[in-house]
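So the chains spell out like this:
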Amino acid sequence: MRPTNHFTAQTGWINDPHGITYRNGQYHVFYQYVPGQMVWGPNCHWGHAVGPDLLSLRELPVAITPGDGDDGIWTGCLVVDDQDEARIFYTSVSTPDFGVGRIRIATPGDDDWLTWVKGDVVVEAPDDLDLIAYRDPFVRREGDGWRMFVGAALRDGTAAALSYTSDDLRHWAYAGIALQRSTAETQPVWMGALWECPQVLTIDGRAVMISSVWDDDVLHYAGYAVGSYDDGEFAAEGWGRLTFGDSYYAPSLFTDADGRPCLLFWMRGVADPDTGWTGAHSIPYLLTLDNDRLVATVHPDVDKHRGPSIDIGEVDGSAADVVWTAGEGAQLTIESGDSRVSIRRDHRELVVAERSPKGRGAEHHVPVSGNVRVVIDGPLLEVSSAGGLLGVATTFGSAPLRIRADCGEIEAYALG
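Predicted, not measured: the structure shown is a model, and the values here were computed from it. In this numbering scheme, every chain counts its residues from 1 along its sequence in written order. Where local features are concerned, this predicted model is filtered to residues with pLDDT of at least 70; where side-chain atom pairs are given and counted, the filter is 80 or more; whole-chain, interface and lining totals use all residues. To obtain the side-chain values, all non-hydrogen atoms of the structure were included, while hydrogens and water were left out.

### Topic: the overall build of the chain
The criterion, for reference: Secondary structure elements are defined from DSSP: runs of H or I of at least 4 residues count as helices, runs of E of at least 2 residues count as strands, and each element is numbered from the N terminus. Our radius of gyration is a C-alpha quantity, and the globule rule it is checked against amounts to 2.2 Å times the number of residues to the power 0.38. Residue exposure (1.4 Å probe, protein chains only): buried if accessible area is under 20% of the type maximum, exposed if over 50%, otherwise partly exposed. Between two residues, a contact is recorded if the distance between any of their heavy atoms is within 4.5 Å.
Scanning the chain for helices and strands turns up one helix and 33 strands. The C-alpha radius of gyration of the chain comes to 21 Å, within 12% of the 22 Å expected for a compact globule of 416 residues. With respect to the three principal axes, the spread of C-alpha positions in the chain is 60 × 45 × 40 Å. Residue burial in the chain is summarised as follows: out of 416 residues, 57% are buried. Intrachain contacts of the chain at a sequence separation of at least 6 include 52% that bridge at least 24 residues.

### Notes on the sheet that holds strand β14 (residues 206–215)
To keep it simple, the criterion reads: In this description, strands pair whenever DSSP reports at least two bridges between them. Axis lines are fitted through C-alpha atoms, for helices just across the contact stretch, and the angle between N-to-C directions can take any value from 0 to 180 degrees.
Judged by pairing direction, the sheet is antiparallel, and its four strands sit side by side in the order β13-β14-β15-β16 without closing on themselves. The sheet terminates laterally at β13 (194–203) and β16 (233–241), the two strands that pair on one side only. Strand-to-strand twist in this sheet, taken as the mean axis angle between neighbours without regard to direction, amounts to 25°. With eight bridges joining them, β14 and strand β15 (residues 218–230) adopt antiparallel strand pairing. Looking at β15, one finds that valine 208 is bridged to valine 226.

### Concerning the packing of aromatic side chains
Here is the rule we go by: Note on aromatic contacts: the rings of Phe and Tyr and the six-membered ring of Trp form a pair at centre separations within 6.5 Å, being stacked when their planes are under 30 degrees apart, edge-to-face when over 60 apart, and tilted otherwise. Geometrically, a lysine NZ or arginine CZ counts as sitting over a ring once it is within 6 Å of the ring centre and also within 35 degrees of the ring normal.
Throughout the structure, instances matching the rule amount to 19 aromatic pairs. Between tyrosine 248 and phenylalanine 265 the ring centres are 4.7 Å apart and the planes differ by 45°, which places this aromatic pair in the tilted class. Pair noted here: tyrosine 248 is in strand β18 (residues 248–255) and phenylalanine 265 is in strand β19 (residues 261–272), with a separation of 17 residues, a long-range link. The buried category is assigned to phenylalanine 265, whose relative accessible area is 0%. Each member of the aromatic cluster is reached from another via a ring pair, and the members are Phe30, Trp46, Trp113 and Trp116. Here arginine 241 stacks its cationic end above the ring of tyrosine 221, 3.9 Å away from the centre of that ring. Against the face of tryptophan 266 rests arginine 268, its NZ or CZ located 6.0 Å from the ring centre.

### Considering the sheet that holds strand β9 (residues 131–142)
Working definition: the strands of a sheet are paired by backbone hydrogen bonds and lie parallel or antiparallel to each other. Strand order across the open sheet formed by four strands is β9-β10-β11-β12, with antiparallel pairing between neighbours. Both edges of this open sheet fall to β9 and β12 (173–182), since each of them pairs with a single strand only. On average, adjacent strands in this sheet sit at an angle of 20° to one another, irrespective of strand direction. Looking at chain direction, strand β11 (residues 158–166) and β12 are connected through eight bridges and run antiparallel.

### Description of the state of the cysteines
Where we set the bar: What counts as a disulfide here is a pair of cysteine sulfur atoms lying within 2.5 Å.
Under the definition given, this model contains zero disulfides. Looking at cysteine 197, it has no disulfide partner, and the nearest cysteine sulfur is the one in cysteine 77, 10 Å off. The thiol of cysteine 262 is not disulfide-bonded; the next cysteine sulfur, from cysteine 77, is found 17 Å away.

Now the structure itself:
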């Protein structure tokens, strides 16, 4: 079953969202896309969707395709300069050795950003670093110029964000390693051997680096560092884990219509072989800081898609938005057909257990703080609190939802 509020392509494989830009009353979302197949391949394209909010996107023609020196078009970013001219920076890869990519530029061929023209390779991996991976540029304005961060993995097990500077977005100079951490360091959180999609922002005067945690071709979760940043050097004062479960990956930083920092995730594990699509994007989240903890809360755009409030029990539809306030030991249960997800609040964590008629079962643990928000959209379930985010691809189908809680206060709304 296809979710109704989460974006998926009509057919093919989608993963990392990127280049999310609010322009002329609409969000543009680009993403890695492999058309015509349900398994990932290095021959990724840049897909493109647009809509008034991130729950109302429609698919557009593919923006950038392999060829002309690119065997694959991998993750990157989009920036708009002071003259309102847009530029895409993407990872250009070549097979069979696609681990170390190059950073290439593309510019729009029309005012609606439907076509893009490839330009030069503007950045390549530094010769003096022994790298096994290099990809995912993120560009931001910094002073009178521009700063680019690129994710890298050193052969000795060090994950790093490399730094570059430019005055004109065309000519770039390598400025060294902005932040690094060994895969041997595990406390308070392990950050892997490669940071995919490292992105740097400022919240309330403090610097935050958000990345995807990768190790030996295994995709883990989203982690972050909090600290201070000055002239290309990030000093980490705290580390944290943002996402839990086996679905969320590849968070993409963007600024919403009101100028606030936000994230959108790729959700793994959801697919429909009958219609030939796999992968989806999450609902959007707003970012704030609570001391050294990065907090992601559901974006207000989700509220705009709520229907009238509903009584707990059977929901007329397969999508709902639930706010749950309960103490230790309380349980919330959501059912669809013969499939069930239970959410139990145990001390400082939520225990989320899945059960299906085919014998599938999984249990997830996520830290909890404050109220719990649960968004169900067909086969996708997102659970959030100030403690962290959990994304789950369930076996829920099109059957109406049944929701009940053994105690606590609960608000529920149909979503659509």
